[in-house]
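Residue strings, one per chain:
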Amino acid sequence: MGIIGKLECDFIVRKQERYAYVQVSMSVQDPNVEEREFRPFTKLADGYPKYRFSLDQLPMQRDGVRHLNLMEFLRTDGDLDLS
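Remember, it's a predicted structure, so these values are computed and weren't measured experimentally.

Could you clarify how one ought to interpret the overall build of the chain in this entry?
Regarding its fold elements, the chain presents two helices and seven strands. If you list the helices and strands of the chain from N to C, you get β-β-β-β-α-β-β-β-α. Rg of the C-alpha trace for the chain: 12 Å, near the compact-globule value of 12 Å for 83 residues, within the 12% margin. Its C-alpha atoms put the chain at 30 × 30 × 20 Å along the principal axes. Taking contacts inside the chain between residues at least 6 apart in sequence as the whole, the part at least 24 apart equals 46%. A total accessible area of about 5,600 Å² is found for the chain, and carbon and sulfur atoms account for 52% of it. Mean positive and mean negative side-chain charge positions of the chain (12 and 14 charges, respectively) differ by 4 Å.

Rules and cut-offs
- Residues numbered from 1 in each chain as written.
- Predicted model: local features only at pLDDT ≥ 70, side-chain atom pairs only at ≥ 80, totals over all residues.
- Heavy atoms only, no water.
- Helix = DSSP H or I, 4+ residues; strand = E, 2+ residues; numbered from the N terminus.
- Rg over C-alpha atoms; globule rule 2.2 N^0.38 Å.
- Contact = heavy atoms within 4.5 Å.
- Areas by Shrake-Rupley, 256 points an atom, 1.4 Å probe, with all protein chains shown as cover.
- Lys, Arg positive; Asp, Glu negative; His and termini not counted.
- Charge placed at Lys NZ, Arg CZ, Asp CG, Glu CD.

Here it is, written out as structure tokens:
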């Protein structure tokens with residue numbers, strides 16, 4: 001877990017000298033949940049990739065944050081692109 005100001009980021013991934021930020025939520029179909037999960041990313045200006053995982057089937061993207069389906073990611077032995 002990482003702290004971004006007064007906000008919380010679920011995971012900070014590190015691979016060698018590259019980083020990524022990850023938020024995880026059961027679903028972001030509720031606009032209030034989507035906003036809560038997206039808010040920490042708005043405080044980051046370092047250019048590292050940002051990911052949001054959920055069980056929602058439809059992939060979404062907002063302001064450069066990639067939204068991935070967690071089950072599909074795990075099923076395909078996914079790897080985050082940290083470039």
